[in-house]
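Fold and contact review
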Amino acid sequence: MDLSNILEYQKLDSQLVKIERQIKDNTNKKNANKMHENMREAQSRSLKLEEKAGSILSEIEKIKKQFKIQQEKMEEFASKDLEKMTTEELNKLSVLKDKLAQNLSILERNLSSLAETVNAVLSDFNKTIKTFNNSKEQYNKSKTDYENDIKSVEDSKKEIEDKLKNLSKGIDNKIMDAYQKRRKENIFPVVVPLVNNSCGGCHIELPYANISKLEDEGILTCEHCHRLIYKG
Ligand SMILES: [Zn+2]
């Protein structure tokens, strides 16, 4: 079996593989993906902060209402005619007044601690927005750089692909199909020689039966790495 055509094809194809790997490992692409991920994280963080701010604000509203109720009660006491009260009533009133004053100061403290939390949320929010904007800027830059990288290899990629197409016309269909199937599975090189009774790709030694099969048929699939082995 003459395999020189497919070997020539593979040799040229290795240039395409190299370009494809460069595109896959492109630093600008990786950076763009990372920045995109940062943008998504910042977005979900800002949503959470918005929720948090909302719940704090409604908490503050609640406290304000309680505050108002307690204040009104205090005012009610203040307007009472003390001279008409018995000693017992006066004592009761005094206890209630203390309690109300205490409640008021607790509410005041809660309110100021909530105000602090709101400030913390707001500053976190500002930071998150900044992160988002920075990430977006870097994302756009990396994306443009990546697109330029792709453009710069486009021509040579196309040239190789055209040549490969021409070469494939002279190659046995069965071998070409077997080659392309493996190529799509990222197996490369696809066609390898037998080296010291071992697969030239994965270096696993072939059983004797397979070697004689290879001698009969001229080509054999490696059971281990699925490359096509020929007797070189
Ligand atoms: Zn192998």
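Everything below is about the structure printed above this text.
Residues numbered from 1 in each chain as written. Predicted model: local features only at pLDDT ≥ 70, side-chain atom pairs only at ≥ 80, totals over all residues. Heavy atoms only, no water.

Considering the overall build of the chain
The helix and strand tally for the chain stands at five helices and four strands. In the chain, the succession of helices and strands from N to C terminus is α-α-α-α-β-β-α-β-β. Each of the three principal axes of the chain carries a C-alpha extent, and together these read 125 × 45 × 25 Å. Relative to its full complement of 232 residues, the chain shows a buried share of 29%. Restricting to contacts in the chain with at least 6 residues of sequence separation, those with at least 24 account for 73%. When the accessible surface of the chain is summed, it comes to about 16,500 Å², and 50% of that surface belongs to carbon and sulfur atoms. (Helix = DSSP H or I, 4+ residues; strand = E, 2+ residues; numbered from the N terminus. Buried < 20%, exposed > 50% of the residue type's maximum accessible area, 1.4 Å probe, protein only. Contact = heavy atoms within 4.5 Å. Areas by Shrake-Rupley, 256 points an atom, 1.4 Å probe, with all protein chains shown as cover.)

Notes on the sheet that holds strand β1 (residues 191–195)
The mixed open sheet is built from four strands, whose spatial order is β2-β1-β4-β3. Two strands in the sheet have a free side with no partner beyond their single neighbour: β2 (198–199) and β3 (219–221). Across the sheet, helix α5 (residues 208–217) is in contact with β1, β3 and β4 (228–230); its angle to β3 comes to roughly 135°. (Pairing = 2+ DSSP bridges. Axes fitted to C-alpha atoms, helices over the stretch in contact; angles between N-to-C directions.)

Some points on the packing of helix α2 (residues 27–78) against helix α3 (residues 87–168)
The angle between the axes and the distance between the axes are what describe a pair of packed helices. The interhelical angle for the contact between α2 and α3, taken along N-to-C directions, is 165°, at an axis separation of 7 Å. By the angle class used here, α2 and α3 are roughly antiparallel. The element α2 and its partner α3 pack so that their crossing is left-handed. (Parallel < 35°, antiparallel > 145°, perpendicular 65-115°, else oblique. Left-handed = near helix turned anticlockwise from the far one by under 90°.)

Regarding the pattern of salt bridges
Side chains bearing opposite charge may pair, as long as their charged atoms lie close to each other. In this structure the tally under the stated criterion is 13 salt bridges. For E59, the salt bridge identified is with K62, shortest N-O distance 3.8 Å. Of this pair, E59 and K62 both sit in helix α2, separated by three residues, roughly a single helical turn. The exposure class assigned to E59 is partly exposed, which follows from its relative accessible area of 34%. Given the relative accessible area of 52%, K62 is considered exposed. (Salt bridge = Lys/Arg side-chain N within 4 Å of Asp/Glu carboxyl O.)

Some words on the environment of E154
Of note, E154 is situated in helix α3. The class for E154 is partly exposed, based on a relative accessible area of 45%. Distance from E154 to I19, taken between C-alpha atoms, is 9.5 Å for residues 135 residues apart in sequence.

Considering the layout of surface pockets
Taken as a whole, the largest pocket holds about 200 Å³ of empty space. As for the largest pocket, its lining consists of M1, D172, K174, I175, A178, R182, E217, I219, L220, T221 and L228. With four residues, the top contributor of residues to the lining of the largest pocket is helix α4 (residues 173–184). Classifying every residue of the lining of the largest pocket by side-chain character gives six nonpolar, one polar and four charged. (1 Å grid on protein atoms, 1.4 Å probe; cavity = no way out; pocket = protein on both sides within 12 Å on 5 of 7 lines; lining within 4 Å. Points joined across faces, edges and corners; volume = space filled by probe spheres on them. Nonpolar A, V, L, I, M, F, W, Y, C, P; charged D, E, K, R; others polar.)

Keep in mind that these numbers describe shape and distance, not what the molecule does.
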